[in-house]
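Reading the structure
So the chains spell out like this:
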Amino acid sequence: ATPSSRISNNYKHWLEQCRARTQCCTDRMMLRIAALLATAAAVSQQKDWLVHRQDSKTRLLKTASGLRLTNGLIERAFAAQPGGYFCTTDLRRGDRSFFRALSPEANLTINGQRFNIGGCLGQPENHYEFWYAERWPLAKDPDAFAYRNYTLSKPSKGFEWRARSGAPSIPWPPKGLRLTVEFAHASLQNVRVFVHYEMYDGVPAYRKLVSIRNDGSDTITVDSLVVELFRAQNFSPQRITALAEHWNNAPVPNDQQVPAVPKSLLQESPRYWYADPHYDQCCDDTQLHVPHTAYTYLVAGYTRDVRFGGGTGPGWVLAPGSSRSSSSLRVVLHDSDESERQGLGVRETLKALAPQLAEAPVNFMLSDLSALRRIVDQAAKTGHELGIIGFGAEGWCAFCSAQTEDANFTAWLANEVRYARSKNIELSAYTLMQGNGWGMDPIPEDAKILNRDGSRGPTACFATDWHASYRQRVLAFAAKVGFYGVETDGQFEGASCSDPTHSHHGVANSFDAQLKATQRFNNQLKARGLYQTGADAYVFSGANRWNAADTDEAIFHIDNVVEWSTLGRMYAYDSTFDRVPTSGQYTVDDLVGRCTDDPLQADLVRCVDFVLGGFYLFGTQPFFHAVQLWDPLHKDAAALEASVTRWTGFFRAHRTRLLGMGRMLHLRRPTARFLEAVAHVTADPSEPLRAIVGLVNPTSRGIADNITVSLYYAGLAPGATVVASVLNADAAAATSRPLPASMARFVVGPDPAASLFEIVLPVKVDAFSYASIGLSLVTSPMATTRWAAAY
């Protein structure tokens, strides 16, 4: 070789060595960076309230300018001057402020005169883009109710409650603080207004309501009341969830849509969010900024309601010595725009503020009283716990007086309740509270709502002596026969009533009076220990469970089992973004009969098993509504019984830690075309099974896919090892082999197709089939170097 070639070869060799060393150094550096990132992520995970319960106590701190109510997750700051002003000057979630500009704390109209409650002067007119605290001093609003003092107490409980039916025992009422601020006005010296703020330990949410007391000698009328006025920053509507006393029964229960705001570019407004007329007025550039600033004013209270047909009052008439309290607004502040995380935030808040939602007895609905013992015997064998005498049941008239006042019928039914209880089955029964449908006594004409156009009905007015008597009859009869619960349909939905002879003060008071009558009845159910199912989501007055969506009628119009069961899972998937899964249910009607009648279903047992498995895996309980669960003489009776028992047992085994109090993650939405997927995870360190992944294939072809599952909310850090096992593998509709035989262990994080807290499951699910995969923790990373070594 020539000298030049030797030099060339030596150079190449040297270059290769440099590259190798550089790559080695780069790899080591990347591993170190990855280890540091994993460590930082794991530390952040440990401090995440959605993963581990945080020891954050609620405190009221005195500051130089006023008060600060905080629980370590959120805080609300007030500027306060006794005898003068009181106003919110900040609302924070972590290091992010939601506050934009000054507002009164509330607003009301007394005897036709409007007053602000609290508030501060100091915000320059037409300068509501921000609050410039250093340059704009605060002053008292001479026309507003002035701040007097404050008191502290524990949060109130909206109803009586004790844990049962799979619900864990948690503090009730929730731990935290209630700050009550008193206001008075010089021209109404004997009228006191109290604004109540509740904040809870370990939950980024607050509750706000207003109460008024008349200690004067004259009667006063409270015509209007706004409980919360808050000028927020532009991002706030995407980071705040406002929860009403009663949710609409829609796929997304806290649906916040109301009619369009006139002359807005967006042409729609989320409920509670309104255009701020003072925003973007300083610079005559409203056309430029309207799309970003149109809805940044949080206004909640007795505002206009579409169904009610106008302002909702409250229209209170306060005699001397009397008082009233408003409905409450509950607000959750989010730290992310991610829909799953926001949904988890709402669900975890609900578990703390409405713990009855985690009660989940396995129920069924019977449609013929004469066959009660037959279906009870079947239910007892298959792990059911609650039977509901349902809508349209033969031999039942929904608590009508003909039966509730019949001593023979009462004695007979009480004996049937005792028989069911001897089989470990409790009984409940249906009633229609609006009174304008099946069952019930005929509504007297003068007890019907009087509409704004002078017509009557069709529903009863809840604020009448007749309706109060009916409600007491329901409670008394339930106690006589020993019912475990009541199924309430048609609770107050917003109908106005202008009848001056009813137990409300004109149309203005009819909304609040009927709402409060409904809430009191729900409270009475809870005080008697009665479990409440139904169609109406009165979450904060005690309702336990309502339908995943008000679409059960679809089952009666769709014969194809795959189609209507896919529709049901779709609604279960959508609604559980921000509702506790155990609060949902979906009727499968006479499932055996429907699978028998569907010409596309050649295998009856597989059809039944597919429907039950799909719903239970999606966290929503399917319930039979039939004369019997199956025909005891059917050739497949034993197999049908085994299928039902398997799934009720599966649900009961996991309802507390995974399917109830666990975190449901939404992976693949049902579309009838692709694989559907959800996961239920828990960070409970005493639970070795950290996740259940549910997969459903509604198509006529087998599907192989890679399903990415985040184990972040299972509390598993990068480097943790989980072992996958197939649950319910021998069930009729279970897929034969969802995971490759060679793949049983998965390490969190290393997969290049996943993030730090994810694993990727290579799955295969047969046609018209499901799979349930359990993920159990094997090892946790003891040091970041071990995690790095996995690379």
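Scroll up a little and you will see the structure.
Okay, so let's go over this structure. (Residues numbered from 1 in each chain as written. Predicted model: local features only at pLDDT ≥ 70, side-chain atom pairs only at ≥ 80, totals over all residues. Heavy atoms only, no water.)

Another point: the sheet that holds strand E29 (residues 485-489). Within the closed barrel, the eight strands sit side by side as E24-E25-E26-E29-E30-E31-E32-E33. Their pairing is parallel. Averaged over all neighbouring strand pairs, the angle between strand axes comes to 30°, with direction disregarded. When E29 meets strand E30 (residues 531-534), the two strands line up parallel, connected through four bridges. Residue pairing for E30: Val486 is matched across the bridge by Gln532. (Pairing = 2+ DSSP bridges. Helix = DSSP H or I, 4+ residues; strand = E, 2+ residues; numbered from the N terminus. Axes fitted to C-alpha atoms, helices over the stretch in contact; angles between N-to-C directions.)

Below, the discussion takes up the pattern of salt bridges. In total, this model carries 42 salt bridges according to the counting rule given. Arg76 is the partner of Glu105 in a salt bridge, and the nearest nitrogen-oxygen pair spans 3.8 Å. Here the residue Glu105 occupies a position in the loop between strand E6 (99-101) and strand E7 (106-110), and Arg76 occupies one in strand E3 (residues 74-80), the gap between them amounting to 29 residues. We note that Glu105, like Arg76, is buried. Where Glu426 meets Arg421, a salt bridge forms, and the shortest distance between an N and an O atom there is 2.9 Å. Through salt bridges with shared partners, a single ionic network connects Arg148, Glu182, Arg192, Arg213 and Asp215. (Salt bridge = Lys/Arg side-chain N within 4 Å of Asp/Glu carboxyl O. Buried < 20%, exposed > 50% of the residue type's maximum accessible area, 1.4 Å probe, protein only.)

Counting 93 residues, the largest nonpolar core has Leu695 and Leu711 as the members making the most contacts within it. In contact with Leu711, other than residues within four places in its own chain, are Gln45, Ala691, Leu716, Val722, Val748, Phe757, Ile759 and Leu775. Residues Ala398, Leu427, Leu530 and Val644 belong to the second largest nonpolar core, which totals 89 residues. (Core = buried A, V, L, I, M, F, W, Y, C linked by side-chain atoms within 4.5 Å. Contact = heavy atoms within 4.5 Å.)

Our next topic: the side chain of Gln434. For Gln434, the position within the fold is in the loop between strand E26 (426-432) and strand E27 (448-450). Given the relative accessible area of 12%, Gln434 is considered buried. Engagement of the side chain of Gln434 in a polar contact is seen with the side chain of Glu493, the distance being 3.3 Å. With residues near it in sequence (within four places) discarded, Gln434 still touches Ile443, Thr459, Ala460, Phe462, Asp489, Gly490, Gln491 and Glu493. (Polar contact = N/O pair within 3.5 Å; in protein donor to acceptor, adjacent residues only side chain to side chain.)

Another point: the pairing of strand E8 (residues 113-117). Relative to E8, E7 runs antiparallel, the two being bridged by five bridges. Bridge pairing links Ile110 to Gln113 in E8.

A word on the sheet that holds E3. Spatially, the five strands line up as an open sheet ordered E1-E2-E3-E4-E5, and their pairing is antiparallel. The open sheet has two edge strands with one neighbour each: strand E1 (59-62) and strand E5 (96-97). Two elements, strand E4 (residues 86-93) and E5, share two bridges in a ladder whose sense is antiparallel. Residue pairing in the sheet places Arg93 in a bridge with Arg96 of E5.

Before going further, it helps to examine the packing of aromatic side chains. Considering all chains together, one arrives at 38 aromatic pairs under this definition. Look at Tyr302 and Trp316: their rings are 6.1 Å apart centre to centre, the planes differ by 75°, and that puts the pair in the edge-to-face class. Here the residue Tyr302 occupies a position in the loop between strand E18 (297-301) and strand E19 (304-305), and Trp316 occupies one in strand E21 (residues 316-318), the gap between them amounting to 14 residues. We classify Tyr302 as buried; its relative accessible area is 7%. Judged by relative accessible area, which is 2%, Trp316 ranks as buried. Pairing Phe399 with Phe483 gives two aromatic rings, centres 6.1 Å apart and planes at 75°, and the pair type is edge-to-face. With Phe399 in the loop between strand E25 (386-394) and helix H6 (401-404) and Phe483 in the loop between helix H8 (465-481) and E29, this pair connects stretches of sequence that are 84 residues apart. No difference in accessibility class separates Phe399 from Phe483, as the two residues are buried. Chaining the aromatic ring pairs together yields one cluster made of Trp396, Phe399, Phe409, Trp412, Phe477 and Phe483. The residue whose ring lies beneath Arg96 is Phe235, and the NZ or CZ to ring-centre distance is 4.4 Å. The ring of Phe540 has Arg330 lying over it, and the distance from NZ or CZ to the ring centre is 3.9 Å. (Phe/Tyr/Trp six-rings, centres within 6.5 Å; stacked < 30°, edge-to-face > 60°. Lys NZ or Arg CZ within 6 Å of the ring centre and 35° of its normal.)

The subject of this paragraph is the state of the cysteines. All told, the structure shown has three disulfides when counted by the stated rule. The disulfide partner of Cys397 is Cys400, and the gap between their sulfur atoms is 1.6 Å. Here Cys397 and Cys400 share a disulfide; its torsion about the S-S bond, -70°, makes the bridge left-handed. The same class applies to Cys397 and to Cys400, which are both buried. Cys595 shares a disulfide with Cys607; S-S distance 2.1 Å. Between Cys595 and Cys607 the disulfide shows an S-S torsion of about -75°. By sign, it is left-handed. (Disulfide = S-S within 2.5 Å.)

At a minimum axis separation of 9 Å, helix H12 (residues 604-617) and helix H13 (residues 637-654) run at an interaxial angle of 10°. Compared by their axis directions, H12 and H13 come out roughly parallel. Note on element contacts: H13 touches H12 through Ala639, Leu640, Ser643, Val644, Arg646, Trp647, Thr648, Phe650 and Phe651, opposite Leu604, Val605, Val608, Asp609, Leu612, Gly613, Tyr616 and Leu617. (Parallel < 35°, antiparallel > 145°, perpendicular 65-115°, else oblique.)

Keep in mind these numbers describe shape, not what the thing actually does.
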